[in-house]
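Commentary on secondary and tertiary structure
Spelled out, the chains give:
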Amino acid sequence: MSEAPRSLTYSDYLSLDTLLSSQHPRSPDHNEMLFIIQHQTSELWMKLMLHELRAAVQNLHDDALPAAFKMLARVSRIMEQLVSAWTVLATMTPTEYSGVRPYLGSSSGFQSPQYREIEFLLGNKNAARVEVHVPDMREHLGRVLRSASIYDEAIGLLARSGFAVNPAPADPTVPRLFDEAIADAWLTVYRDPEHHWRLYELAEELIDLEDAFRQWRFRHVTTVERIIGFKPGTGGTGGVSYLRKMLDIVLFPELWKVRTDL
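To keep things clear, this report deals only with the structure shown in the data block.

Thresholds, definitions, all that
- Residues numbered from 1 in each chain as written.
- Predicted model: local features only at pLDDT ≥ 70, side-chain atom pairs only at ≥ 80, totals over all residues.
- Heavy atoms only, no water.
- Helix = DSSP H or I, 4+ residues; strand = E, 2+ residues; numbered from the N terminus.
- Areas by Shrake-Rupley, 256 points an atom, 1.4 Å probe, with all protein chains shown as cover.
- Lys, Arg positive; Asp, Glu negative; His and termini not counted.
- Charge placed at Lys NZ, Arg CZ, Asp CG, Glu CD.
- Phe/Tyr/Trp six-rings, centres within 6.5 Å; stacked < 30°, edge-to-face > 60°.
- Buried < 20%, exposed > 50% of the residue type's maximum accessible area, 1.4 Å probe, protein only.
- Core = buried A, V, L, I, M, F, W, Y, C linked by side-chain atoms within 4.5 Å.
- Contact = heavy atoms within 4.5 Å.
- Salt bridge = Lys/Arg side-chain N within 4 Å of Asp/Glu carboxyl O.

**Digging into the overall build of the protein chain**
When helices and strands are tallied, the protein chain shows twelve helices and zero strands. Written out in order from the N terminus, the α and β elements of the protein chain read α-α-α-α-α-α-α-α-α-α-α-α. Each of the three principal axes of the protein chain carries a C-alpha extent, and together these read 60 × 55 × 35 Å. Carbon and sulfur atoms make up 56% of the accessible area of the protein chain, which amounts to about 14200 Å² in all. Taken as two groups, the 27 positive and 34 negative side-chain charges of the protein chain have centres that lie 4 Å from each other.

Laid out in structure tokens, this is it:
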């Protein structure tokens, strides 16, 4: 690896000229800068989350578990940052947001391709959601939709470890249905963690991940309701009513059932 030139500055390394000139408020309202930076920083955190999730999926596939565990733990901590970020946006009152909203057009967080890819990698697959994105992103998201999720790879590891589970989903483009054989396998792991330590650690990393994801989604719902109430979203969704439905999604149902069965 070549060393960086001695003349490299902090501003050059971080491309600060580009980064700090990427905020372009469309309204005369003072509060729009908060709205833009909130979403831009969220997209940066999601870029890092995808960097880690993609690598974690590959490492699970390759049985490189220590690296995968570190990456999954990092994703959970990133989600904690995103939860905290909603508290900053929550300082925007309904009156203040009303000064910004007319300038947003049909733009919406629902159109974030990075968030959609995160959902797909976590197993919340939905082919119809691909179509809401710009054409340049549809091909990429379609590939992610058809690829293995993090939970697919976890179940593949169960199978390689000798458990009688089907590692391949019946249809990779839809969420997995609850599977009793997979639930029984995880129950065996939890009843004897010392014998199945790497699977036990993986299960806890996944629970930690879904716990953090739920908190991120919940904080999103409460912040949106606090600011716009039950108005429809700018992108055509039901707003809070749509977001509340997302709270009912369970990514790793067999792992949660273990808590009851132990």
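**Some words on the packing of aromatic side chains**
For any pair of aromatic rings, the description rests on two quantities: the centre-to-centre distance and the angle between the ring planes. Here the structure, examined in full by the defined rule, presents seven aromatic pairs. Relative to Tyr 97, the ring of Phe 35 has its centre 5.7 Å away and its plane inclined at 45°; by these criteria the two rings are tilted. You can see Phe 35 sitting in helix α3 (residues 32-61) and its partner Tyr 97 sitting in helix α5 (residues 94-98), a full 62 residues away along the chain. Each member of the pair, Phe 35 as well as Tyr 97, is classed as buried.

**Structural notes on the nonpolar core**
Counting 69 residues, the largest nonpolar core has Met 49, Trp 186 and Trp 216 as the members making the most contacts within it. Residue contributions to this core peak at 13 residues, all from helix α10 (residues 197-228). If we ignore the near neighbours within four places in the chain, the residues touching Trp 216 are Met 46, Met 49, Met 79, Leu 82, Val 83, Trp 86 and Tyr 115.

**Let's talk about the pattern of salt bridges**
Across all of its chains, the model carries 13 salt bridges by this definition. Between Glu 117 and Arg 54 there is a salt bridge whose closest N-O contact spans 2.9 Å. Residue Glu 117 is found in helix α6 (residues 113-121), and its partner Arg 54 is found in helix α3; the two are separated by 63 residues along the sequence. Overall, the relative accessible area of 5% leaves Glu 117 in the buried class. With a relative accessible area of 39%, Arg 54 lands in the partly exposed category. Lys 257 is paired through a salt bridge with Asp 261; the nearest N and O atoms lie 2.6 Å apart. Of the two residues, Lys 257 and Asp 261 both sit in helix α12 (residues 253-261), four residues apart, roughly one turn of that helix. Accessibility expressed as a relative area gives 30% for Asp 261, which makes it partly exposed.

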